[in-house]
Amino acid sequence: MLVGPHTWDVTPEATAGVLHKLVPGIPEAFLRHSLRYEPHAMLSRAVAGVRDRSLVVNLPGRPKAVRENLGVLMPVLAHAVLQVAR
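Residues numbered from 1 in each chain as written. Predicted model: local features only at pLDDT ≥ 70, side-chain atom pairs only at ≥ 80, totals over all residues. Heavy atoms only, no water.

(A) Local environment of the confidence of the model for the protein chain. The pLDDT averaged across the protein chain works out to 91; a share of 93% of its residues lies at or above 70. For the protein chain, per-element mean pLDDT is lowest for helix α1 (residues 11–18), which scores 93, and highest for strand β2 (residues 48–51), which scores 98. (pLDDT = per-residue confidence, 0-100. Helix = DSSP H or I, 4+ residues; strand = E, 2+ residues; numbered from the N terminus.)

Put into structure tokens, the structure is as follows:
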């Protein structure tokens, strides 16, 4: 499994570099959820935040993990988008 601090993976740094505000609660929620099933999740470096009026969220590379994390995000997504759009 490829997760975590690989030297070639600069996605979190690139994402953070274009964000105006971080929303750390989203990746924290992903991590809390994922750790129940996968101990390697603690190596995750997900980033979420706001750029202008857009919510930007890094998702994992594995389809199963994407589905699981979207399950965590979906209950708050509409509210988050409304807040960002103001």
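On we go from here.
(B) Focus on the sheet that holds β2. Read across the sheet, three strands follow the order β1-β2-β3 without closing on themselves; strand pairing throughout is antiparallel. Where the open sheet ends on each side, the last strands, each with one partner, are β1 (21–22) and β3 (54–57). As judged from the two bridges shared by β1 and β2, these two strands associate in the antiparallel manner. Residue Lys-21 lies in a different strand from β2, and its bridge partner there is Val-50. (Pairing = 2+ DSSP bridges.)

(C) Highlighting unusual backbone geometry. A positive phi angle, near 55°, is found at Asp-52, a position not held by glycine. Summarising the element assignment, Asp-52 is placed in the loop between β2 and β3.

(D) Molecular detail of the pairing of β3. Bridge count between β2 and β3: four bridges; the pairing is antiparallel. Bridge assignment links Gly-49 to a residue of β3, and that residue is Val-56. The turn joining β2 and β3, which pair antiparallel and follow one another in sequence, is formed by two residues; a positive phi near 55° is taken by Asp-52.

(E) Focus on helix α2 (residues 25–35). Residues Ile-26, Pro-27, Phe-30, His-33 and Ser-34 constitute the buried set of α2. The arc that holds the buried residues of α2, viewed along the axis, is 125°, so those residues lie on one side. Packed against the buried residues of α2 are β2, β3 and α3 (63–85). (Buried < 20%, exposed > 50% of the residue type's maximum accessible area, 1.4 Å probe, protein only. Arc of directions from axis to C-beta. Contact = heavy atoms within 4.5 Å.)

(F) A look at the pattern of salt bridges. Summed over the entire model, instances satisfying the criterion amount to three salt bridges. A salt bridge links Glu-13 to Arg-45; its shortest N-O distance comes to 2.6 Å. Placement of Glu-13 in helix α1 and of Arg-45 in the loop between α2 and β2 is noted, with a sequence separation of 32 residues between them. In this structure Glu-13 comes out as partly exposed when scored by relative accessible area, which is 45%. On the basis of relative accessibility, which here comes to 25%, the residue Arg-45 falls in the partly exposed class. Across the salt bridge formed by Arg-51 and Asp-52, the nearest N and O atoms sit 3.9 Å from each other. Residue class for Arg-51 comes out partly exposed when judged on its relative accessible area of 37%. Overall, Asp-52 belongs to the exposed group, its relative accessible area being 55%. (Salt bridge = Lys/Arg side-chain N within 4 Å of Asp/Glu carboxyl O.)

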